[in-house]
Amino acid sequence: MSVPTITLNDGNRIPQFGLGVFLMPPEETKEHVAFALANGYRHIDTAAIYGNEREVGEAIAESGIPRDEIFVTTKLWNNRQTDAPAALAESLEKLGLDQVDLYLIHWPTPQFDTYVEAWQSMEQLQAQGLTRSIGVSNFHQQHLKRLLDASNIVPAVNQIEVHPSLAQFELVDFNTSLGIVTEAWSPLGRRADLDDSVIVGIAERLGRTPAQVILRWHIQRGIIVFPKASSPERLRENADIFDFELSADDMTAIDGVDSGNRVGSNPETMNRR
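First, a word on scope: everything that follows refers to the structure included in this document. This one's a predicted model, so the numbers in the text were calculated from it and none came from an experiment.

The next thing to look at is the sheet that holds strand E6 (residues 100-105). The sheet built from 8 strands is open, its strands ordered E3-E4-E5-E6-E7-E8-E9-E10 with parallel pairing. Single-partner strands in this sheet number two, and they are strand E3 (19-20) and strand E10 (224-225). Bridge count between strand E8 (residues 157-161) and strand E9 (residues 181-185): 5 bridges; the pairing is parallel. Its bridge partner being in E9, Glu-161 is matched across the sheet by Trp-185. Together, strand E5 (71-76) and E6 form the strand contacts of helix H3 (residues 84-95), whose direction differs from that of E6 by roughly 135 degrees.

With that settled, consider the side chain of Asn-138. The residue Asn-138 is located in the loop between strand E7 (131-137) and helix H5 (141-149) in this model. With a relative accessible area of 3%, Asn-138 lands in the buried category. One polar contact links the side chain of Asn-138 to the main-chain carbonyl oxygen of His-106, over a distance of 2.8 Å. Within the structure, Asn-138 has its side chain in polar contact with the side chain of Ser-137 (distance 3.1 Å). Those residues within four positions of Asn-138 in sequence are excluded, and the remaining contacts are His-106, Trp-107, Pro-108, His-143, Asn-158, Gln-159, Ile-160, Glu-161, Trp-185 and Pro-267.

For helix H9 (residues 210-221), with 12 residues, the first-to-last C-alpha span of 17 Å sits near the 16 Å given by 1.5 Å per residue. Among the 12 residues of H9, 10 are classified as buried, and the element is accordingly described as predominantly covered. Every buried residue of H9 is listed here: Ala-211, Gln-212, Val-213, Ile-214, Leu-215, Arg-216, Trp-217, His-218, Ile-219 and Arg-221. Count one or two residues on from H9 and you reach Gly-222, which has phi positive near 85 degrees.

Positioned with a positive phi, Asp-113 is a non-glycine residue whose angle comes to about 55 degrees. In this structure, Asp-113 sits in the loop between E6 and helix H4 (115-127). Asp-113 sits in the partly exposed class, given a relative accessible area of 43%. A positive phi angle is found at Gln-168, which is not glycine, with a value near 55 degrees. Of the residues examined, Gln-168 reaches a relative accessible area of 14% and is grouped as buried.

Bringing the environment of Ile-153 into the picture now. As for its placement among the helices and strands, Ile-153 is situated in the loop between H5 and E8. Ignoring anything within four residues of it in the chain, the contact list for Ile-153 reads Trp-119, Glu-123, Gln-126, Ile-134 and Leu-148.

Right, let's talk about the packing of helix H1 (residues 26-38) against helix H2 (residues 53-63) for a bit. Remark: H1 packs on H2, axes separated minimally by 8 Å, with the N-to-C direction vectors making an angle of 35 degrees. Considering the relative orientation of H1 and H2, their crossing is right-handed. The residues of H2 that touch H1, namely those facing Pro-26, Thr-29, Lys-30, Val-33, Ala-34 and Leu-37, are Glu-55, Val-56, Glu-58, Ala-59, Ile-60, Glu-62 and Ser-63. Considered class by class, the residues forming the contact of H1 with H2 number 7 nonpolar, 2 polar and 4 charged.

Right, let's talk about the nonpolar core for a bit. With 68 residues, the main nonpolar core has Leu-19, Val-33, Leu-76, Tyr-103, Ile-105, Met-122 and Leu-246 as its most contacted residues. By size, the runner-up hydrophobic cluster in this structure holds 11 residues, among which are Leu-102, Ala-156, Val-157 and Phe-226.

Under the criterion given, the structure shown has 14 salt bridges. As a salt-bridge pair, Asp-113 and Arg-146 come within 2.6 Å of each other at their nearest N and O atoms. With Asp-113 in the loop between E6 and H4 and Arg-146 in helix H5, this residue pair connects regions lying 33 residues apart in the sequence. Accessibility expressed as a relative area gives 36% for Arg-146, which makes it partly exposed. A single salt-bridge network, built from bridges that share partners, covers Arg-67, Asp-101 and Arg-132.

Mapped onto the elements, Pro-227 comes out in the loop between E10 and helix H10 (232-239). In the structure, Pro-227 is positioned 206 residues away from Val-21 in sequence and 8.3 Å away in space, judged by C-alpha atoms. Setting aside anything within four residues of it in sequence, one finds Pro-227 in contact with Phe-17, Gly-18, Leu-19, Gly-20, Pro-187, Leu-215 and Asn-238.

Another aspect to go through is the side chain of Glu-183. Looking at where Glu-183 falls in the secondary structure, it is placed in strand E9. One buried charged side chain, Glu-183, makes no salt bridge at all; its nearest oppositely charged neighbour is Lys-75, positioned 6.8 Å away. Side-chain polar atoms of Glu-183 contact the side chain of Gln-159, separated by 2.9 Å. Those residues within four positions of Glu-183 in sequence are excluded, and the remaining contacts are Ile-14, His-43, Asp-45, Leu-102, Leu-104, Val-157, Asn-158, Gln-159, Ile-160, Ile-223, Ile-224 and Phe-226.

The rules we used
- Residues numbered from 1 in each chain as written.
- Predicted model: local features only at pLDDT ≥ 70, side-chain atom pairs only at ≥ 80, totals over all residues.
- Heavy atoms only, no water.
- Pairing = 2+ DSSP bridges.
- Helix = DSSP H or I, 4+ residues; strand = E, 2+ residues; numbered from the N terminus.
- Contact = heavy atoms within 4.5 Å.
- Axes fitted to C-alpha atoms, helices over the stretch in contact; angles between N-to-C directions.
- Buried < 20%, exposed > 50% of the residue type's maximum accessible area, 1.4 Å probe, protein only.
- Polar contact = N/O pair within 3.5 Å; in protein donor to acceptor, adjacent residues only side chain to side chain.
- Expected span 1.5 Å × (residues − 1).
- Left-handed = near helix turned anticlockwise from the far one by under 90°.
- Nonpolar A, V, L, I, M, F, W, Y, C, P; charged D, E, K, R; others polar.
- Core = buried A, V, L, I, M, F, W, Y, C linked by side-chain atoms within 4.5 Å.
- Salt bridge = Lys/Arg side-chain N within 4 Å of Asp/Glu carboxyl O.
- Lys, Arg positive; Asp, Glu negative; His and termini not counted.

Now the structure itself:
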């Protein structure tokens, strides 16, 4: 599998496609990650709150693949924003790693107003070599502006909810204007996205699945994707998106599916700890 890479604003490179393990039970995670790695995946996205960092680390350790060939992301959970060094140390211990490739603030949790403090700690963690790159997740424009007013480093990544029915054109453009790469969580959206007549029509014409068409739409927008997959067949299907292209008309048609509908929480009101 030949996956394109994107150069981040700190000079590090990240594969544009990988595997997400959100809601993947720990007892299943090791097997899924191991299968993905054996089939060419080289980018794994996890988080402390997912409860499966240890299993991700075990799969990586047993894969036989050199560490520098696998890109690993984990995230700082909301109740640890004032304790980022200890939180990352715990994640590294569970992953069995000396360093992650990308460490993200998981949510801004504006009610608690500690994400700037967290970011300043993460700048130090990067300087210490405990993470190669640092970024944020679920940050809107106002969160990013406040962060940049109080810090020295521009986030390398902003991981946000993006799918055809929540295309996030304005926020993606804002990220790009700052040199921040956008990653999409829930990239396939809801069942309605996969069943949308525009997407189904394009898939039928190209001899592809609706999921492949949606993932290809992300890739051609320059967005990083790491869809979850619950079976070997789906892992292979999701990865089989690099031997075709969507036309400009196809891209425009999928853009038109946008309706502003969220799958997950709104960062303005998500304050769970």
